[in-house]
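Structural characterization, general
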Amino acid sequence: MFAAIDFETANRQPCSICSIGVAIVDGDQVVDSFYSLVRPIPHFYSRWTTAVHGLTLEDTLDAPDFEKAWGQIAPRLRDIPLVAHNSSFDEGCLRAAYQAYDLAYPRYPFFCTCRLSRKLYPDLPNHRLETVAAYCGYDLSHHHHALADAYACAHIAAVMLREVGVDSIEELAERCRLRR
């Protein structure tokens, strides 16, 4: 079991999470999912980030803050590893949000499908989420929507587990000689 996660941010501040997507996977199946818009801190959007994901200040005016939104999914993430495509970005956002809200970070175990894809699929032209998802047979038609990206990441990880013949994301990382 693992949870694929994705965050979108409002600006260059890693704590400025404006949407959260989570897909919890058991075996080959998504068994639970979560999506929420988030009122980011600081609460402003750069032109660049809006151009990427399409979210604006107006979209998140009435959205819950990070603490409330994350509190809805955090209990379901206890004791399972988190997977993200380019996990350094998503883990950095999560750590920064915890710090901004003065919360104790629970040291989630993170694994990266981007790094894993470089090991398993070295001949791809690049290892961006949309490229790896397509290679793994997933149509990512709503890229940069947090839940769509989380589902793509979940699919990629499930395909990798199946191809390598292992049952856990930890074992997959070990087989690929990747450290968390």
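Look up a bit, the structure's there.
Before going into details, it helps to say that this report is about the structure given with it. (Residues numbered from 1 in each chain as written. Predicted model: local features only at pLDDT ≥ 70, side-chain atom pairs only at ≥ 80, totals over all residues. Heavy atoms only, no water.)

1. Focus: the environment of Ala23
Tracing the backbone shows Ala23 in strand β2 (residues 17-26). Here the alpha-carbon distance between Ala23 and Tyr151, two residues 128 residues apart in the chain, equals 5.9 Å. The contacts of Ala23, once residues within four sequence positions are left out, are Phe2, Ala3, Ala4, Val30, Asp32, Ser33, Ala150, Tyr151 and Ala154. (Helix = DSSP H or I, 4+ residues; strand = E, 2+ residues; numbered from the N terminus. Contact = heavy atoms within 4.5 Å.)

2. Details of the pairing of strand β1 (residues 2-9)
Counting buried positions over the eight residues of β1 gives eight, a clear majority of the element. Taking every second residue as pointing to the same face, both faces of β1 are buried, with Phe2, Ala4, Asp6 and Glu8 on one and Ala3, Ile5, Phe7 and Thr9 on the other. With eight bridges connecting them, β1 and β2 associate as antiparallel partners. When the bridges of β2 are listed, Glu8 appears paired with Ser19. Pairing geometry for β1 and strand β4 (residues 82-84), over two bridges, is parallel. Counted as the bridge partner of Ala4 is Val83 from β4. (Buried < 20%, exposed > 50% of the residue type's maximum accessible area, 1.4 Å probe, protein only. Pairing = 2+ DSSP bridges.)

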